[in-house]
Amino acid sequence: MPLYLAVEIVLGISILNKCSGAYGILALFTGHPLDFMQWVAYLWSVFTLIVFAQGLYLIHKPNLLVFSQICVLYTVDTICTCFFTLWFTTQWFTLEGNVDLSSIATDASSTASQAINYNSIATGKLAARSTDTSGQGASETYEYSITILITLVSLIFRFYFNFILASFVQELLHHPKYLVDRDDVEQDLKNKPIWKRLWAKSQKGCYKLCKNLLE
Amino acid sequence: MANPFSRWFLSERPPNCHVADLETSLDPHQTLLKVQKFRPTLSDWVHYLFLGSIMLFVFIAYPASWILKILCYSFLGALMIIPATSQFFFNALPILTWLALYFASSYFPANRRPPITVKVLPAVETILYGDNLSDILATSTNSFLDILAWLPYGLFHFGAPFVVAAILFVFGPPTVLQGYAFAFGYMNLIGVIMQNVFPAAPPWYKILYGLESANYAMHGSPGGLARIDKLLGISMYTTAFSNSSVIFGAFPSLHSGCSTMEALFFCYCFPKLKPLFITYVCWLWWSTMYLTHHYFVDLMAGSVLSYVIFQYTKYTHLPIVDTSLFCRWSYTSIEKYDISKNDPLAAESNDIESVPLSNLELDFDLNMTDEPSVSPSIFDGSTSVSRSSETSITSLGVKRA
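Thresholds, definitions, all that
- Residues numbered from 1 in each chain as written.
- Chains lettered and ligands numbered in written order.
- Predicted model: local features only at pLDDT ≥ 70, side-chain atom pairs only at ≥ 80, totals over all residues.
- Heavy atoms only, no water.
- Helix = DSSP H or I, 4+ residues; strand = E, 2+ residues; numbered from the N terminus.
- Buried < 20%, exposed > 50% of the residue type's maximum accessible area, 1.4 Å probe, protein only.
- Contact = heavy atoms within 4.5 Å.
- Areas by Shrake-Rupley, 256 points an atom, 1.4 Å probe, with all protein chains shown as cover.
- Axes fitted to C-alpha atoms, helices over the stretch in contact; angles between N-to-C directions.
- Left-handed = near helix turned anticlockwise from the far one by under 90°.
- Nonpolar A, V, L, I, M, F, W, Y, C, P; charged D, E, K, R; others polar.
- UniProt positions renumbered as here; feature names shortened; annotations may be inferred.
- Arc of directions from axis to C-beta.
- Salt bridge = Lys/Arg side-chain N within 4 Å of Asp/Glu carboxyl O.
- Polar contact = N/O pair within 3.5 Å; in protein donor to acceptor, adjacent residues only side chain to side chain.
- pLDDT = per-residue confidence, 0-100.

Caption draft 1: Main features of the overall build of chain B. Assigned secondary structure in chain B consists of 17 helices and zero strands. Evaluated residue by residue, chain B yields a buried proportion of 48% over its 401 residues. Within chain B, contacts between residues separated by at least 24 positions form 77% of all contacts whose residues are at least 6 apart in sequence. Summed over its atoms, the accessible surface of chain B is roughly 20,800 Å², and 66% of this surface lies on carbon and sulfur atoms.

Here is the structure:
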């Protein structure tokens, strides 16, 4: 399979996942409290979403400067993801240990039982199912194992995707068609707003870094 | 006078072009001849064996009378053999297989099903995305938001696949509908298999029962759609979701998968309207979390599944879209994407500028050429032509005597 197809899939999946940032920020309107690390994670996700999106847009006509920037940011994002994963794992298990969720369940169970006995069709299916319900719910060990498995698999894929991107940039660096004309870049920047100049400067910096590391 | 159909859709139709024509024959011999000539590839074998084995499984597992099941399968077989119907039903085989498995799912014996997980999804969501986004979005509710969420989740989702199929059929290139049926069917089929293999409780479960252990005797909940039932004075969603075939099928979200697939196909055929289709997917994502039917991780699983299957379909099945053409009848031919030819890293053999540096011998000595170098001079006579000017003349196509 050509590398560009893999890069297209990698960027697509990453962009989909980075949409989480936008939904997290919606907490501004719903009043749900967010702590500092959550804000950092969500804002970072939105930023990386923008960077990765330009790669998906240019995948059939790649630009070395853009893909260098994506590769470097993806690598930084991989490191950040590892850190956030560790941080939020601690948060989840601390929360689960402190809050007695069963008390919430007791309050809500009366409402639930009303909903369950709502209609006559329900009764038929209830009888069709097994009456012995013990063991149908997952054990604590099973729950934790699957949680750890999914988390680890997602991190492994994350690293694999990073290598795919790095390989693609390496191929671009070796391809004369995508050689970067530095003079053109310098000239184009003169009359551009400051954020564009900073953006281009970051791309150039990423390009130099990729050139040193991958070529 | 031409009828409206001819005036709108056939006006651009090239003469003697039949790529968009439909099969109208009712003669089963034609299908049998096609089957005789058919030489399956490895992917064909995998495709038909996979779908066939699931159909066989449903045939055995579905608790209906054998006569009824044989009649149903025979009817389906007849639809596949008649050319006029097989062009639709045969291509819809992945969709039919998905539907068969989905409706059989509620009858699988509880003691043979995998254990229901309750904590995995909220835990993974917090670990990967920082919080339960469903909690964030469902913190405050009101009637306006309820209706806004209901429209894509409870209304558009069920009609959209048919509308998309009809629009693709008329305004997309010929055979794009086959690709849509393939991708849509496989996405849903794999989704339902995953839901059965990995049963997981949706966010409404956590609201109702906390993180207590679940069992298959429990019934589903309409979640936030109960407010719509109340608002409209009906019990449609409460009844439907209480008796869903896959109650603990939160992962992956097929609402998300379907909307993503529809949006991807529309983006492929009508690229100018991309922002509209992306907005629809984002709207549906928000509504599923607001209505407490899915965690964000479920939505991602559904969308990623759709995206991967779409990418595969795009490069192996789909025809290339010509956005300048109006509808299927405007096409003169069907062209497929050439993966190798369009590889941005591939170099053309006759294009010296595109050859990777590693393939060129760059360390040759410029003074090693056989001919002595002749520098052009202003004193050169008519007989003395420099190599550079010779090249220039030749390149202009002027032959010297």
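On we go from here.
Caption draft 2: Structural context of the packing of helix H8 (residues 140-174) of chain A against helix H7 (residues 120-129) of chain B. At their nearest, the axes of H8 of chain A and H7 of chain B sit 9 Å apart, and the two run at 35° to each other. Seen from above, H8 of chain A lies across H7 of chain B with right-handed handedness. Contact residues: H8 of chain A offers Glu143, Ile146, Thr147, Ile150, Thr151 and Ser154 of chain A, while H7 of chain B offers Val120, Ala123, Val124, Ile127 and Leu128 of chain B. Residues that form the contact of H8 of chain A with H7 of chain B fall into these classes: seven nonpolar, three polar and one charged.

Caption draft 3: Looking closely at the side chain of Ser20 of chain A. Here Ser20 of chain A is to be found in helix H2 (residues 20-25). For Ser20 of chain A, a relative accessible area of 4% corresponds to the buried category.

Caption draft 4: Expanded view of the UniProt feature "transmembrane region" (unreviewed entry) in chain A. Residue and element names in this part refer to chain A. Mapped onto this numbering, the UniProt entry annotates "transmembrane region" (unreviewed entry) at residues 37-59, 71-93 and 144-169. Regarding residues 71-93, the helix share stands at 100% and the strand share at 0%, and the terminal C-alpha atoms are separated by 33 Å. Secondary structure content for residues 144-169 is 100% helix and 0% strand, while the C-alpha to C-alpha distance between its ends is 38 Å.

Caption draft 5: Quick peek at helix H12 (residues 225-232) of chain B. All names here are of chain B. All buried positions along H12 are accounted for by Leu225, Ile228 and Asp229. End-on view of H12: buried residues confined to an arc of 100°, all on one side of the axis. Backbone geometry just downstream of H12 places Gly233 in the positive-phi region, at approximately 70°.

Caption draft 6: Highlighting the interface of chain A and chain B. Each partner contributes to the interface: chain A provides 70 residues, whereas chain B provides 72 residues. Remark: the boundary between chain A and chain B carries two salt bridges. The salt bridge partner of Glu140 of chain A is Lys119 of chain B, with a shortest N-O separation of 2.6 Å. The tally of links between chain A and chain B comes to 25 residue pairs in polar contact (both at pLDDT 80 or more).

Caption draft 7: Structural context of the side chain of Asn215 of chain B. With respect to the helices and strands, Asn215 of chain B occurs in the loop between helix H11 (203-209) and H12. Engagement of the side chain of Asn215 of chain B in a polar contact is seen with the backbone nitrogen of Ala217 of chain B, the distance being 2.9 Å.

Caption draft 8: Fine view of the confidence of the model for chain A. All names here are of chain A. Looking at chain A, pLDDT values average 83 and 79% of them are 70 or higher. Averaged over each element, pLDDT in chain A is lowest for helix H7 (residues 120-128) (39) and highest for helix H1 (residues 3-18) (96). Below a pLDDT of 50 lies the segment residues 100-130, which in the model reaches 41 contacts outside its immediate sequence neighbourhood of four places, other chains included.

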